[in-house]
Amino acid sequence: MAHVEAIAREPRPAGSQAHRRAREYILSVLRDLGVETEVQSGAANSTRYGLPFDSATVHNVVARVRGTTPTRPIVLVCHYDTVPTSPGAADDGAGVATLLETARAVVAGPRLRQDIVFLFTDAEEIGAAGAERYVTANRPAAADAVVLNFDARGTAGPVALVETGAGNGALVRALSRLDATHAASSLLPALARLHGLGTDFRPFREAGAQGMNFALVENVVYYHTPMDDPSALDAPSLQQQGDLALGLARGLGGLDQIASEPDAHFFPVPGWGLISYPASVAPLISLAATLAFAWLASRTLRRETLRPREAAAALVATIAACLAAAVVTHGVWLGVRALDRTAPFLTTADTYHVGPYRLGLALVALATALGAFCAARRFAGTAALALSSGLLWVALLWVSVVMVPGAAYAFALPLGGVSVAAVALYSRRLAGRATGVRIVVSIIAAVPLVMLWAPITYFLFGGLQLRAAGAVALAVALPTGLVAPLLEAGTASIRWRVPALVGAVAAGLLVYGLAQAGFDSRHPRPVSLAYALDTESGRGYWISDRAGRDEATEAIFEREVNSAALPSFFAEGDVVERAAESEAAELSGPELRLVSDVSSGQRRTLVFRVRSRRAAPWLFAFLERDTKVLETAVGGNPVLGRAVSEPPPEGTRWGFRHVGAGGEEIEWSLTVENSGEPIRIVVVDQSSGIPQGGAAGAAALPGDVMFARSWVSGTTLVRAAFQF
């Protein structure tokens, strides 16, 4: 935690003075440990997000503890930059602290067989530019490495394994030997592959490296805000992350060889640890679960006669129950959000006091599913409902096997267990037993279902946030539909009073959550406010990237102007939603110096030197008029891909954002189609903070506000225009 407090006192966007101080701190700690350390600097470009494309001057810190007989390096990764308005204690000060302490512990212990590399990347916040540069500059070693990345999108909670590289079998086995995580399952990486995460792990994974990507996932409302400070970082979460990093570094670093084994499927069991098995076994387990259900179906149909109408009604009722749980839960959340007085100001779907809402909405889904089951029994028997629910699970099981293989365990194991238990309950041996015995059997069969699906519900809420309450409700309704007939078979009849009681508890939790809603110094209201100066006209403005009015900043926008009439401060035309006149602050505009201008036929090539005279960490450069771009290079690094092969999207001007230069000059070459018309270029530099004193100083803001969560709020932009 001392490391976190040392570097997370203020925002440290790439290129800022705070960013340089953080780098020097990391270097001093590593050198005091006697670790072999270097700074790998260079230019990096990324067109991953199209236009405006990203460019950076990056300074990656690389330290290496040599192994005795190295064959594959173990690379521990974090980033040390932040967004402009956040101190980044969790994102990613926690990762920096984890790597520094792991380095200390590795040096203090016996030498390992493999090299342990500690990589502190730069400019992660603009698309993992530092990691991209490292992978490009260190091929093929980077692609052959075993990578362990530590990041955050919250400040607390369990350290979740959110992503893995291909061939994760050996790494999962190493992870299972540690008692450091209960938040690892093959479901999360499977979903991450569908979604695509933008962390430093991505360039390594795309290069073919093995590895695992970990993240803090709770308190997402603090993510990328000024509240991500050391006081908000949960110490036990940081300790758990350290245990993971050190345990994996020692466990993998002590191996003679680290083979690339086929993927594994895995999930945690409380009190037991991480259960894993080869992915190749998953279809066999799924087949066994399907056969168990087929056994149940055959025994049931032999014992009872099901009319086609009853069977169809049961299947419709089962599907309707799941849909009803999703619709009702989402509707309740919309109602709660309308009543929550903090909701219009928060830029995430989650709130500061998210616990009561999550549990309350999960219970709403449970109450709805149980109520639907009670209603369905009026026109379909328990056996018909059991078979229809099982049939739905079989369908979902095989869909997951084909489309999301890592999630198959969540359907196969409960389906098989419940089917076998139901067959036992229907057997003559148990039919004559006391009710208590039958209830115990049904509860024992239901426990694994709860143990597997309760964490799934938790992490779906954490990853998708409250806005996805309807989708998360399905993770409650599906298990309920499977287990309710089993409890009925155990003669624990589910009456209307049960869903009513669950619904009452849910309502109490939601009311409690609403009572907690409010803003104070530790739970501040996010506001969007930035200061923008146009040196061409000598006019200053207050701007916001939010259209809604906010009483905290309303006085500042008294002299409101039409945002469409503003000079262009961004390549995208739809960033500024509100604007107001302000007096001009005494700030120097960025500089664009022409080095050469050569025309040859239909091509015109210009070479510039661009810099921020304020030493602002971020620079934007874009063409104010439509001009066809043929080639470009930033920092001597040619830019390829969509940035030059496709026209800008509608409403976007051709341009780029550069981070990390500070006050240093950047070389920029630009080749355009020579139309004979002048080229007009706008350069904007951006720095953290807004003017607080003098004629352009902001009016005093209340103590319960913060600048968040956007790339505009809490910054100062200075614009200059040039024509060639």
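Residue numbering note: each chain is counted from 1, following its sequence as written. Residues qualify for local features only when their pLDDT is at least 70, as the model is predicted, and side-chain atom pairs are given and counted only at 80 or more; totals for whole chains, interfaces and linings, by contrast, use all residues. Heavy atoms from the whole structure form the basis of all side-chain values; hydrogens and water molecules are not counted.

## Regarding the packing of helix H10 (residues 282-303) against helix H14 (residues 408-426)
Relative orientation and spacing of two packed helices are given, respectively, by the angle between their axes and the distance between those axes. Going by this rule: Axis definition: a line fitted to C-alpha atoms, over the contacting stretch in the case of helices. Angles run 0 to 180 degrees between N-to-C directions. Numbering of helices and strands starts at the N terminus; helices are DSSP runs of H or I of at least 4 residues and strands are runs of E of at least 2. Any angle from 65 to 115 degrees is called roughly perpendicular, while one under 35 is roughly parallel, one over 145 is roughly antiparallel, and all others are oblique. By definition, any crossing whose near helix is turned counterclockwise from its far helix by less than a right angle is left-handed, and any crossing with a clockwise turn is right-handed. In what follows, a contact means two residues having at least one pair of non-hydrogen atoms within 4.5 Å. Residue classes follow a fixed rule: Ala, Val, Leu, Ile, Met, Phe, Trp, Tyr, Cys and Pro count as nonpolar, while Asp, Glu, Lys and Arg count as charged, and any other residue, Gly among them, counts as polar.
Contact pair H10 / H14: the axes reach a minimum separation of 8 Å and the direction vectors enclose 30°. For the element pair H10 / H14, the angle class is roughly parallel. The way H10 lies across H14 gives a crossing that is left-handed. For the pair formed by H10 and H14, the contact residues are Ile285, Ser286, Ala289, Ala292, Phe293, Trp295, Leu296, Arg299, Thr300 and Arg303 on the first element and Ala408, Ala412, Leu413, Leu415, Gly416, Ser419, Val420, Ala422, Val423 and Tyr426 on the second. Across the contact of H10 with H14, the residue classes tally to 14 nonpolar, four polar and two charged.

## Regarding a nonpolar patch on the surface
Applicable threshold: Two joining distances apply to patches: 9 Å for like charges and 5 Å for nonpolar side chains (Val, Leu, Ile, Met, Phe, Trp, Tyr), and every residue must have over 30% relative accessible area and no salt bridge. In this description, accessible areas are obtained by the Shrake-Rupley approach with a 1.4 Å probe, and a residue is regarded as covered only by the protein chains that are shown. The rule for a salt bridge is simple: a side-chain nitrogen of Lys or Arg has to be within 4 Å of a carboxyl oxygen of Asp or Glu.
Taken together, the side chains of Leu315, Ile319, Leu323 and Leu391 define a hydrophobic patch exposed on the protein surface, amounting to about 330 Å² of accessible area. Among the elements that take part in the nonpolar patch, helix H11 (residues 308-339) stands out by supplying three residues, more than any other. Turning to its location among the elements, Leu315 is positioned in helix H11.

## Quick notes on the pattern of salt bridges
What counts is decided by this rule: The buried label goes to any residue with under 20% of its type's maximum accessible area, the exposed label to any with over 50%, and the partly exposed label to all in between, with areas taken from a 1.4 Å probe on protein chains only.
Following the criterion strictly, the structure yields 34 salt bridges and no others. The shortest N-O distance in the salt bridge between Asp115 and Arg66 comes to 3.6 Å. One end of the pair, Asp115, is in the loop between helix H3 (89-108) and strand S4 (116-121); the other, Arg66, is in the loop between strand S2 (53-65) and strand S3 (74-79), with 49 residues separating them in the sequence. Of the residues examined, Asp115 reaches a relative accessible area of 7% and is grouped as buried. Owing to a relative accessible area of 44%, Arg66 belongs among the partly exposed residues under this scheme. Between Glu206 and Arg202 there is a salt bridge, and its shortest N-O distance comes to 3.3 Å. Taken together, the residues Glu206 and Arg202, both in helix H8 (residues 201-207) and four residues apart, mark about one turn of the helix. Look at Glu206 and you get partly exposed, because its relative accessible area is 49%. Salt bridges linked by common partners bring Asp534, Glu536, Glu624, Arg680 and Arg719 together as one network.

## Focus on the environment of Ala160
With respect to the element layout, Ala160 can be found in strand S6 (residues 156-164). Ala160 sits in the buried class, given a relative accessible area of 1%. Put simply, Ala160 and His182 are 22 residues apart on the chain and 7.9 Å apart in space, counted from C-alpha to C-alpha. The residues contacting Ala160, other than those within four sequence positions of it, are Ala183, Leu188, Asn213, Phe214, Ala215, Val217 and Phe459.

## Description of the packing of aromatic side chains
The condition is simple: Stacked, tilted and edge-to-face pairs are distinguished by plane angle, under 30 degrees for stacked and over 60 for edge-to-face with tilted covering the rest, among Phe, Tyr and Trp rings (Trp via its six-membered ring) whose centres lie within 6.5 Å.
In the structure shown here, the tally under the stated rule is 18 aromatic pairs. Between Phe53 and Phe656, the ring centres sit 5.4 Å apart and the planes meet at 25°, which makes this aromatic pair stacked. Of this pair, Phe53 sits in strand S2 while Phe656 is found in strand S20 (residues 655-659), placing the two residues 603 residues apart along the sequence. Taken as a pair, Phe53 and Phe656 share a single burial class, namely buried. Where Phe570 meets Phe620, the ring centres are 6.2 Å apart and the plane angle is 75°; that geometry is what we call edge-to-face.

## A few points about H10
Operational definition: Residue count minus one, scaled by 1.5 Å, sets the expected span of a helix. The arc in question is the one traced by the directions running from the helix axis out to the C-beta atoms.
In this model H10 runs 32 Å from its N-terminal to its C-terminal C-alpha over 22 residues, within 8% of the 32 Å that 1.5 Å per residue would give. Along H10, the residues classified as buried are Ala282, Ser286, Ala289, Thr290, Ala292, Phe293, Leu296, Ala297 and Thr300. Seen along its axis, H10 keeps its buried residues to an arc of 155°; they face one direction. Of the exposed residues in H10, those oriented more than 90 degrees away from the buried face are Leu284, Leu291 and Arg302. At its buried positions, H10 is contacted by strand S8 (264-269), strand S9 (273-278), helix H13 (382-403) and H14.

## Observations concerning the pairing of strand S21 (residues 666-673)
Consecutive side chains along a regular strand alternate between the two faces of the sheet. The criterion, for reference: One bridge is not enough; two strands pair if DSSP finds at least two bridges between them.
Direction of pairing for strand S16 (residues 603-611) relative to S21: antiparallel, over a ladder of eight bridges. Within S21, the position partnered with Thr605 by the bridge is Thr671. Two strands pair when backbone bridges link them, and strand S18 (residues 629-634) and S21 are joined in this way by five bridges, in the antiparallel orientation. Bridge pairing links Thr632 to Leu670 in S21.

Bear in mind that shape data such as this cannot, by itself, settle questions of function.
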